[in-house]
There are 2 protein chains.
Amino acid sequence: MTDPNRQALGERLKPLVRDIPDFPQAGIMFRDITTLLADGTAFRQAVDGMAEGFTGIDKVVIIESRGFILGTPIAYALGAGVVPVRKPGRLPAPTYAEAYSLEYRNDELEIHQDAILPGEQVLIVDDLLATGGTVAATIRLVERLEGKVAGVSVLAELSDLRGRDRVPGYRVHSLIVY
Amino acid sequence: MTDPNRQALGERLKPLVRDIPDFPQAGIMFRDITTLLADGTAFRQAVDGMAEGFTGIDKVVIIESRGFILGTPIAYALGAGVVPVRKPGRLPAPTYAEAYSLEYRNDELEIHQDAILPGEQVLIVDDLLATGGTVAATIRLVERLEGKVAGVSVLAELSDLRGRDRVPGYRVHSLIVY
């Protein structure tokens with residue numbers, strides 16, 4: 001898919017996202033993707049659009065929890081395995097951790113130490129690219145396991161927050177741009 | 001897929017699940033499915049096996065958070081929409097809530113009030129059927145929205161805990177049985 005085609009798909013899907021002001025706190029405009037997900041046709045188009053252009057992927061890394069929703073059908077479509085990156089204490093085997101700061105809080109993300117083999121091609125998926133802190137921390141986790149980051153694919157990007165600038169040199173695809 | 005075929009697939013996939021004793025607390029044998037998910041071929045077989053036999057599904061209800069991982073590729077494969085059932089406070093629009101007791105804690109689950117239309121055919125997906133409390137609460141949420149529960153599909157079932165008995169009269173498919 002060319003960039004203009006991806007943008008055109010994003011513009012068609014955008015009206016299906018519901019805007020909810022002041023969630024989870026005052027001053028935040030929450031982009032609620034559940035209304036898009038509930039539409040089977042739109043959901044499939046979003047998944048296909050987000051997977052498009054990434055080939056030879058061994059593992060799709062999915063970021064808890066809304067990244068889980070879009071990442072696993074992309075892995076299914078690409079024939080790749082799935083690797084969850086989770087909040088602290090939820091992965092049961094030995095992990096590595098990375099700290100990050102999000103738009104409205106601080107947290108840590110963990111990955112299983114044996115989740116990715118050196119040299120594997122990895123696609124990182126999340127629902128939203130905001131400040132880029134979550135994605136940057138996930139890239140650090142993947143590279144600590146010597147995985148190769150083939151790209152980052154998100155459903156929606158809040159372009160004002162310039163998250164893309166936090167991960168220079170990486171291929172970042174977003175369908176819907178705000 | 002016949003029941004014996006489903007069981008045979010489950011037996012092939014079972015060795016890919018990693019057993020972790022005393023997680024998240026002493027006395028619990030945690031069935032870690034991340035090792036299965038990381039194998040692209042096994043992941044795809046699991047998704048196809050869990051979707052098999054369910055047709056005419058309008059919405060797949062996915063239970064936070066590990067249900068998110070398996071539920072969305074099943075929805076993608078079936079051409080259905082996705083409806084997340086989440087822990088309290090995470091869904092941004094008006095919700096209904098149901099309480100449940102899990103194997104090792106109590107909690108509540110929420111669904112958006114507009115997530116399912118009356119009469120829609122609904123498949124409920126989770127990773128694990130343990131005591132059945134989570135699935136029973138999710139069935140109550142779906143029926144409160146007047147959705148029709150076509151069935152429940154889980155990757156693994158802890159048969160000793162008799163979760164199946166908590167949801168009599170519903171079609172419950174599990175791939176891997178412990």
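Residues numbered from 1 in each chain as written. Chains lettered and ligands numbered in written order. Predicted model: local features only at pLDDT ≥ 70, side-chain atom pairs only at ≥ 80, totals over all residues. Heavy atoms only, no water.

**Thoughts on the sheet that holds strand S9 (residues 172–177) of chain A**
All names here are of chain A.
Okay, so step 1: Taken in spatial order, the 5 strands line up as S4-S3-S7-S8-S9 in an open sheet, and their pairing is parallel. Every interior strand has two partners, whereas the edge strands, strand S4 (81–85) and S9, have only one. Here the strands of the sheet are splayed against their neighbours by 20° on average, with no regard to which way each runs.
Okay, so step 2: In the sheet, strand S3 (residues 59–63) pairs with strand S7 (residues 121–129) via 4 bridges, with the strands oriented parallel. Bridging across to S7, isoleucine 62 finds its partner in valine 125.
Okay, so step 3: Against the sheet, helix H4 (residues 66–78) makes contact with S3, S4, S7 and strand S8 (148–157), and its axis sits at roughly 140° relative to S7, the strand it touches most. (Pairing = 2+ DSSP bridges. Helix = DSSP H or I, 4+ residues; strand = E, 2+ residues; numbered from the N terminus. Axes fitted to C-alpha atoms, helices over the stretch in contact; angles between N-to-C directions. Contact = heavy atoms within 4.5 Å.)

**Some remarks on the pairing of S4(A)**
Regular strands place their side chains on alternate faces of the sheet.
Residues and elements named next belong to chain A.
Okay, so step 1: A large share of S4 lies buried, amounting to 5 of its 5 residues.
Okay, so step 2: The pairing of S3 with S4 spans 5 bridges and is classified as parallel. For lysine 59, the partnering residue across the bridge sits in S4 and is glycine 81.
Okay, so step 3: Handedness of the crossover joining S3 and S4 through H4 is recorded here as right-handed. (Buried < 20%, exposed > 50% of the residue type's maximum accessible area, 1.4 Å probe, protein only. Right-handed = clockwise from strand over helix to strand, strands pointing away.)

**Examining the interface of chain A and chain B**
Okay, so step 1: In this complex, chain A contributes 39 residues to the contact, which on the side of chain B involves 39 residues.
Okay, so step 2: Buried area between chain A and chain B, both sides added, is near 3100 Å², and the carbon and sulfur share of it is 61%.
Okay, so step 3: A per-residue breakdown of the area chain A buries against chain B is headed by A:Arg44, A:Tyr76 and A:Pro92, which together make up 22% of the total.
Okay, so step 4: The tally of links between chain A and chain B comes to 19 residue pairs in polar contact (both at pLDDT 80 or more).
Okay, so step 5: When contributions to the side of chain A that touches chain B are tallied by element, the ones reaching two or more residues are strand S1 (18–21), strand S2 (29–32), helix H2 (34–37), helix H3 (40–51), S3, H4 and S4 of chain A.
Okay, so step 6: Broken down by element, the residue count for the side of chain A that touches chain B peaks at 8 residues, all from H4(A). (Buried area = accessible area lost by both parts, 1.4 Å probe. Polar contact = N/O pair within 3.5 Å; in protein donor to acceptor, adjacent residues only side chain to side chain.)

**Considerations on the confidence of the model for chain A**
Okay, so step 1: Confidence in the prediction of chain A, expressed as mean pLDDT, is 95, and 98% of residues score 70 or more.
Okay, so step 2: Predicted complex metrics record ipTM = 0.93 and pTM = 0.94. (pLDDT = per-residue confidence, 0-100.)

**Digging into the packing of helix H1 (residues 3–13) of chain B against helix H3 (residues 40–51) of chain B**
Residue and element names in this part refer to chain B.
Okay, so step 1: In the contact formed by H1 and H3, the axes pass within 11 Å of each other and the chain directions differ by 155°. The angle between the axes of H1 and H3 places the two elements in the roughly antiparallel class. H1 and H3 meet at a crossing whose hand is left-handed. Of H3, the residues touching H1 (which contributes Arg6, Leu9 and Leu13) are Ala42, Gln45, Ala46 and Gly49. (Parallel < 35°, antiparallel > 145°, perpendicular 65-115°, else oblique. Left-handed = near helix turned anticlockwise from the far one by under 90°.)

**Some details on the relation of the copies chain A and chain B**
Okay, so step 1: At an RMSD of 0.0 Å, chain A and chain B line up after a rotation of 180° and a shift of 0.0 Å along the axis. One copy is carried onto the other by what is essentially a two-fold rotation axis. Closest approach to the rotation axis within chain A is made by the C-alpha atom of A:Pro73, at a distance of 2.1 Å.
Okay, so step 2: Interface overlap between copies: 100% of the residues of chain A at the interface are likewise at the interface in chain B, consistent with a symmetric, same-surface contact. (Least-squares fit on C-alpha atoms with pLDDT ≥ 70 in both.)

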